[in-house]
Amino acid sequence: MSPLGHVTSSAMPVSLLWAVDVYGRVYSLSTVGQQWEQCRDAQMEFKRATAAQQCCWGIACDNNIYLNVHASDLPIRYKEETYENQRWNPVDGFSERLLPSDRWQWSDVTGLQHQPLDGFRLPSGSWEWEGDWYIDENFEGEPTETGGWSYAIDFPAFYTKDKKWNSCVRRRRWLRYRRYKAMDTWAKIPSQQTSLPDPFSDISCGGWEVSEEPRGRLSLWAVSLQGKVWFREGICHHNPEGSLWEEVALPGEVVQISCGPGDLVWAALWEGQLIVREGIGRDCPKGTSWAAVDSPSPEVGVIHLAVGVDVVWAVTKDNKVWFRRGVNSHNPCGSGWISMVGEMMMINVGLNDQVWAIGSEDRGIYFRQGVTASELSGKTWKAINVPRDGDRSHSSASASSLQSAGCFFSGEVRAQSVMSDADLDEKGSADRDSGCVPSTSPETFVHPLTDPTPDQPADPPKPRIPKVTSDSFISELVSDREPGKTSKELGPAAPAVLEEEEVSLGEAEIQAPCAGATLSPGPSGGASGLQWSNVDLEEAQSAQARAGAAAADSADTCSLSSVATYTLALEDPYGADEHPLWAWVSGGGCSVDSHSQLNWFNSSANTLSLIQSVQSMSLSVTPAQSAAWKRQIFEQLNERTKREIDNFKHYEQAIEQSVWVKKGTMQWWRDWKPHKWIDVHFALEQFSGPEGDKDGILFIYYNYYEEKKYLHAFINEVTILVPVLNDSKHTFAVYTPERTKQRWPIRLAAATELEMHDWLALLSVACCDSRGIQGPPSKQAIWSVTCKGDIFVSEPTPALEATPYPTPCDQMFWRQVGGHLRSVECNSAGIVWGIGYDHTAWVYTGGYGGGFFQGLASSTDNIYTQTDVKSVYIYENQRWNPVTGYTNRGLPTDRYMWSDASGLHECTKANTKPPAPQWTWVSDWGIDYSVSGGTDKEGWQYAADFPASYHGHKTLKDFVRRRRWARKCKLNTTGPWQEVPPIPLSDVTILLCPPGSGMAAVPLWAISNKGDVLCRLGVTALTPAGSSWLHVGTDQPFKSISIGASSQVWAIARDGSAFYRGSVSPQSPAGDCWYHIPSPAKQKLKQVSVGRTSVYAVDENGNLWYRQGVTPSYPQGSSWEHISNNVRRVSVGPLDQVWIIADKVQGSHSLSCGTVCHRLGVQPMEPKGQSWDYGIGGGWDHITVRGNSMEPPILRLPSLTDPSLLSFCSPLSVRNTEVNGSTVDS
């Protein structure tokens, strides 16, 4: 059973903490769970485990390595391929008869390796074939007409899909997929070596942050019993088992090793010294050499260590905990040791440098609280206090026994860990003589041993000893134990007493006592029982008194027959309420941070007292009393209303209007040249009328040549308030319809970030009040996202899509919603999904506000913590000269040697800051190899000059080169969004729901960030997050997808080709096959949007295309028609309305990029529309109108001879509209 199988979505990503107890049983604890889940599918026992987010590795007691891959909606598939090669001859034509110098008839793509179809074997029993071999009918994204063959003059050469007169050779690709089937189970790792390494004693995985390619790459390090270190090659998403073990040279014998998520690898030697692996990088995951580091205490060596991204923790032989300061990728050895509080036997560092440990005394698992990026050492240790599944104290019978007199079988009530043999002897005699379980208080409850019957002598139970492993601390646990002792001779049926001090309690099964036995303590039952309870003498006396009183009260109402339901199974080594003894813990796959809300630390005793208090309260109030109480309160409220309100209704209002003013000082980016920041006084004046309507005016007072002047804007004319990116100031912009036309907003800068947020929240509430907008966005709302990641919504009016006089879109009012996203998609059923910069999927919860919106500006519920991670890029530029080669000395006319992508702005590692003050760095600068066009092994791209077309290899004509450096930063905010784990997405689309459709399940399609096509099941208006993903097979990665109102699914592949999914319906939500749609001539498409009947697409050059000929009988359409250029993104709504994000829109003051534009004149007979209407911009990145299904009103065309109707046309007559062809004046 997998704990991941129970949770599909939550407020934070669901991940697992793994642990192994001293009996070798593996447990996992979910970040949203409240109990340990045992891995029940494995019968073997484990010594150690090491986890990543997608899997967990373990060393079993048979010394073999096992792998447990978490099940996900996205299967692990590997594509095997081989090429069939043929040559033409005059007799046979194309045949398998090749020249002796030719490649094999069946080969790899290079032709150097012989690969016949029957030569492929499954790597292990954990794989299965999905189907048989089949021919790839596509060539470079285009279908072939000759059975998949591609032709060339000779081997090797340039291949084409068309056969020519000089085509002498041909080849075609055969494909076959295999699938990894051993999900959520422990699968043995096969050995491809004839001689196995000596048995492993330690294992550690990590390294997934060293490189993102290949996908899912991991580094797995292992230590053998002889002190050798081994590295597992070839672990990635498509090969989770890896390929082979390679030995790593060492300066000494290693006892333990630890690998962090990045490039940190530390190991502890047998003598207690430490070594650090150096030279680990993208091209060398094993590293190159070892460096020595001194132990924290020279006389006491290190027995255990754990590393993270920028931290190293160690435990010495005296169980002291140490923290290594100054550790990072550039200085993996660190600078010094700091002694920490606490005594632990092992320690582990997980994701986000969070720390777990196992206590040396109680062997409980502890979590280090307060670990943040600024305080990596944390603040305090806190015990994880949750039950294990199967604990009898949490069984279904526990609830019914809460009121049993003197029986406390619920809650975290533990017996004393260590007991002497004499105590155990007295315990055995007490149980034998009394014949029932003695009554105790919650603090003194311990677990009785077997009660043998007089007619059947009881055999002494065999002591259950934890398996001795190679781990030093587990060996220590059992090495000092003596052979089993028997109890004193108290009778013919005296039970044996286990010699295990910490696991002896509750080993044998509790026998059911007689049904009529009560809790009254007799001479042997009460007194003897109290002698071995874990309290001092004073507490023992009070406990005896309490037990007697409890027994007297319950003698008539309760018997001990119910106690028989709490038998301990013989395989349970612990008592019901005794905490387990842990041997190992791994948090490598556990994603928590200082903001995570965990349920791991709840005290069961508090839960018990709460239940009891609720029960006692519910018993003390009868239904009749409750009804009388409600009636009395209702009468009192009626009397108060009459006294304070009704008696004064005839009085006139003393104040007809109230005025409220808030003032402050800011800086304003003045409207005239030279533009610069000047100090101004800022005031918001609000007033409310007798009807409760509110309005206001915004004043900006400034000096112009020593003359005091002011600028003002009516609050009901403000269309949007936008935070603006600025390195040095806390800036926001205020737009009105006129300033939207000019592309020149009122720009203001506050002194502090807090002051800016206060003003934004205040102005936003004032704007909403003046327009009568309250609460969350409607289902018809239009959503948009800025390039900064801020989310805005606008409530459409019925006239927005009216023809021929729509509402100008520069008059639309936009309000901000908390959170941070890269894109948003919605439909008219109110289902809204978003995707963050880190490809995390989020679903809208129905709230509003969040972020810096507080109080009345934000809802009190449905607001959750949201995080996002993005990369900041800078470029290192170099020029070649004949003397020194490539250097950072450029020509005087060259760009900066450290710059942004344009080269116009200098950006060095030192002066480049996160995008905004709310962002914090979470990584160091590193070379980015995933640049379009490819790079060489050092990350360089080459070109003839700046700027030019860059490529990843050097030629004789390349005189300049550049490489991109990336650094990740993280944002923590709040908003009405919940995460949808675990698959990262790059695009999402939701079915357009016509008005009144009443569809139960809403189809939702998505593209993962790796290009896989997914279909979400179980999406409804009540459960917008859905339940699970359905994988839709493709032969190549995709990047964009859209589903129309009639379930027509269109998608764009990464190579720019378009596809249509056939036969998609509610009965077949995934459809049956993909149909290739030819792209526009010489263009590569990048995004598609499908409406009710229209299909629009945008190519990589910014051209907008309309698909002609789309009909219900021929949904693929016939051809593409060019509509406009300079388009970044398109969104087609349920009424076939067309909105875009356009670049290079000309305003009266400036040219703006990222402007919201609306297509005018779209009608059923004119689906392409006629012209563009410009709205808010620039700086916008995304818009979706797929929720606006509000039908426009039917307007009567005005008569040109009717003077009373001529003014109706005037608002549009002055608007800047463009005919079909371009969104800008060029």
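- In the nomenclature of an unreviewed UniProt entry, the chain corresponds to Tectonin beta-propeller repeat-containing protein 1 from the organism Menidia menidia.
- Of the comments in the UniProt record for the chain, the one headed Sequence similarities (unreviewed entry) reads "Belongs to the TECPR1 family."

### Some words on the overall build of the chain
Stage number 1. For the chain, the helix and strand inventory stands at eleven helices and 73 strands.
Stage number 2. Per-residue burial over the chain gives 52% buried out of 1226 residues.
Stage number 3. Within the chain, counting contacts between residues at least 6 apart in sequence, those at least 24 apart form 60% of the total.
Stage number 4. In the structure as shown, the chain presents an accessible area of about 56000 Å², 52% of it carried by carbon and sulfur atoms.

### What about empty space enclosed by the protein?
Stage number 1. This structure, assessed with the given rule, holds 13 cavities of 30 Å³ or more.
Stage number 2. The volume enclosed by the largest cavity comes to roughly 200 Å³.
Stage number 3. Lining the largest cavity are 26 residues, with Thr 50, Ser 204, Ser 258, Cys 259 and Asn 348 sitting closest to its centre.
Stage number 4. If you list the elements that add at least two residues to the lining of the largest cavity, you get strand E4 (46-51), strand E17 (200-206), strand E21 (254-259), strand E25 (302-307), strand E28 (336-349) and strand E32 (582-586).
Stage number 5. Here the lining of the largest cavity is composed, by residue class, of 15 nonpolar, ten polar and one charged.

### Focus on the sheet that holds strand E59 (residues 1049-1053)
Stage number 1. Strands sit in the order E58-E59-E60-E61 across an open sheet of four strands; the sheet is antiparallel. Two strands in the sheet have a free side with no partner beyond their single neighbour: strand E58 (1038-1043) and strand E61 (1073-1077). Strand-to-strand, the axes of this sheet are offset by a mean angle of 25°, without reference to chain direction.
Stage number 2. With five bridges joining them, E58 and E59 adopt antiparallel strand pairing. Directly across from Ile 1041, in E59, lies its bridge partner Ala 1051.

### Examining the environment of Pro 123
Stage number 1. Along the chain, Pro 123 turns up in the loop between strand E9 (106-107) and strand E10 (127-129).
Stage number 2. Given a relative accessible area of 32%, Pro 123 falls into the partly exposed group.
Stage number 3. When the C-alpha positions of Pro 123 and Gly 242 are compared, they lie 9.8 Å apart, and in sequence the two are 119 residues distant.

### Things to note about the packing of aromatic side chains
Stage number 1. For the coordinates displayed, the defined rule picks out 42 aromatic pairs.
Stage number 2. Through successive ring pairs, a cluster of aromatic residues spans Trp 668, Trp 672, Tyr 702, Tyr 704 and Tyr 705.
Stage number 3. Against the face of Tyr 177 rests Arg 77, its NZ or CZ located 4.1 Å from the ring centre.
Stage number 4. Over the face of the ring belonging to Tyr 159 we find Arg 171, whose NZ or CZ atom lies 4.0 Å from the ring centre.

### Let's talk about the state of the cysteines
Stage number 1. This model, assessed by the stated rule, comprises zero disulfides.
Stage number 2. Left unpaired, Cys 205 is separated from the closest cysteine sulfur, that of Cys 55, by 5.8 Å.

### Some details on the pairing of strand E1 (residues 16-21)
Stage number 1. In terms of burial, E1 is largely enclosed, as six of its six residues are buried.
Stage number 2. Neither face of E1 is open: one carries Leu 16, Trp 18 and Val 20, the other Leu 17, Ala 19 and Asp 21, and all of them are buried.
Stage number 3. Pairing of E1 with strand E2 (residues 26-30), which is carried by five bridges, proceeds in the antiparallel orientation. When the bridges of E2 are listed, Val 20 appears paired with Val 26.
Stage number 4. Once E1 ends, the chain turns through four residues before running back antiparallel as E2, passing Gly 24 with a positive phi of about 85°.
Stage number 5. Bridge analysis of E1 against E32 gives four bridges, and the strand direction is antiparallel. When the bridges of E32 are listed, Ala 19 appears paired with Val 585.

### Quick look at the sheet that holds strand E5 (residues 55-60)
Stage number 1. The strand order across the open sheet formed by four strands is E4-E5-E6-E16, and the pairing between neighbours is antiparallel. Here the strands that pair on one side only, and so sit at the sheet edges, are E4 and strand E16 (187-188).

### What about the pattern of salt bridges?
Stage number 1. A complete count under the given rule lists 31 salt bridges for this structure.
Stage number 2. Here Glu 825 ties to Arg 1186 by a salt bridge, and the two come within 3.8 Å at their closest N and O atoms. On the criterion of sequence distance, the pair formed by Glu 825 in strand E43 (residues 823-826) and Arg 1186 in the loop between strand E72 (1180-1184) and helix H10 (1203-1206) is long-range, its members being 361 residues apart.
Stage number 3. Residue class for Arg 1186 comes out buried when judged on its relative accessible area of 2%.

### Let's talk about the confidence of the model for the chain
Stage number 1. Across the chain, pLDDT averages 78, with 75% of residues at or above 70.
Stage number 2. Under a pLDDT of 50 for its full length, residues 1-11 has, in the predicted model, 30 contacts with residues more than four places off or in other chains.
Stage number 3. Confidence drops under pLDDT 50 across residues 392-573; counting only partners more than four residues distant or on other chains, this segment forms 263 contacts.

### Considering helix H9 (residues 753-771)
Stage number 1. For H9, built from 19 residues, the straight-helix expectation of 27 Å at 1.5 Å per residue is met to within 8% by its first-to-last C-alpha distance of 27 Å.
Stage number 2. Within H9 the residues assigned to the buried category are Met 756, His 757, Trp 759, Leu 760, Ala 761, Leu 763, Ser 764, Ala 766, Cys 767, Cys 768 and Ser 770.
Stage number 3. Positive backbone phi, at 70°, marks Gly 772, one or two positions downstream of H9.

### Observations concerning the pairing of strand E46 (residues 864-881)
The two faces of the sheet receive side chains in turn, since in a regular strand these alternate between them.
Stage number 1. Relative to strand E52 (residues 960-975), E46 is paired through 16 bridges, and the arrangement is antiparallel. By the bridge assignment, Thr 865 is partnered in E52 with Thr 974.
Stage number 2. Taken together, the two bridges between E46 and strand E48 (residues 898-899) define a ladder with antiparallel strand orientation. From the neighbouring strand, Glu 876 faces E48, where its bridge partner is Trp 898.
Stage number 3. The antiparallel pairing of E46 with strand E47 (residues 885-887) creates a hairpin that spans three residues between the two strands.

### Things to note about the nonpolar core
In summary, soluble globular proteins display a tendency toward joint burial of nonpolar side chains.
Stage number 1. Counting 35 residues, the largest nonpolar core has Trp 833, Leu 985, Trp 1005, Val 1013, Trp 1029, Phe 1038 and Trp 1074 as its most contacted members.
Stage number 2. At the level of secondary structure, the elements contributing two or more residues to this core comprise strand E44 (832-835), strand E45 (841-844), strand E54 (985-990), strand E55 (1004-1008), strand E56 (1013-1017), strand E57 (1028-1032), E58 and E59.
Stage number 3. Leu 17, Val 20, Tyr 66 and Met 345 belong to the second-largest nonpolar core, a separate cluster that totals 33 residues.

### Observations regarding the side chain of Ser 1042
Stage number 1. Here Ser 1042 shows up in strand E58.
Stage number 2. What makes Ser 1042 buried here is its relative accessible area of 2%.
Stage number 3. For Ser 1042, the side chain forms a polar contact with the main-chain nitrogen of Val 1090, separated by 2.9 Å.
Stage number 4. Beyond its immediate stretch of four places on either side in the chain, Ser 1042 contacts Thr 989, Gln 1048, Val 1049, Trp 1050, Val 1088, Ser 1089, Val 1090 and Arg 1186.

### Some details on unusual backbone geometry
Stage number 1. The omega angle of the peptide bond from Lys 673 to Pro 674 is -5°, so this bond is cis rather than trans.
Stage number 2. Following the sequence through the fold, Pro 674 ends up in the loop between strand E33 (658-669) and strand E34 (677-688).
Stage number 3. A cis amide bond links Pro 981 with the next residue in sequence, Pro 982, at an omega value of 0°.
Stage number 4. Mapped onto the fold, Pro 982 is located in the loop between strand E53 (977-979) and E54.
Stage number 5. Even without being a glycine, Arg 743 presents a positive backbone phi close to 60°.
Stage number 6. Topologically, Arg 743 is positioned in the loop between helix H8 (737-742) and strand E39 (746-750).
Stage number 7. For Arg 743, a relative accessible area of 5% corresponds to the buried category.
Stage number 8. Backbone geometry at Asn 1126 places phi at a positive 60°, although glycine is not the residue there.
Stage number 9. As for its position among the elements, Asn 1126 is in the loop between strand E65 (1119-1124) and strand E66 (1127-1132).

Conventions we followed
Residues numbered from 1 in each chain as written. Predicted model: local features only at pLDDT ≥ 70, side-chain atom pairs only at ≥ 80, totals over all residues. Heavy atoms only, no water. UniProt positions renumbered as here; feature names shortened; annotations may be inferred. Helix = DSSP H or I, 4+ residues; strand = E, 2+ residues; numbered from the N terminus. Buried < 20%, exposed > 50% of the residue type's maximum accessible area, 1.4 Å probe, protein only. Contact = heavy atoms within 4.5 Å. Areas by Shrake-Rupley, 256 points an atom, 1.4 Å probe, with all protein chains shown as cover. 1 Å grid on protein atoms, 1.4 Å probe; cavity = no way out; pocket = protein on both sides within 12 Å on 5 of 7 lines; lining within 4 Å. Points joined across faces, edges and corners; volume = space filled by probe spheres on them. Nonpolar A, V, L, I, M, F, W, Y, C, P; charged D, E, K, R; others polar. Pairing = 2+ DSSP bridges. Axes fitted to C-alpha atoms, helices over the stretch in contact; angles between N-to-C directions. Phe/Tyr/Trp six-rings, centres within 6.5 Å; stacked < 30°, edge-to-face > 60°. Lys NZ or Arg CZ within 6 Å of the ring centre and 35° of its normal. Disulfide = S-S within 2.5 Å. Salt bridge = Lys/Arg side-chain N within 4 Å of Asp/Glu carboxyl O. pLDDT = per-residue confidence, 0-100. Expected span 1.5 Å × (residues − 1). Core = buried A, V, L, I, M, F, W, Y, C linked by side-chain atoms within 4.5 Å. Polar contact = N/O pair within 3.5 Å; in protein donor to acceptor, adjacent residues only side chain to side chain.

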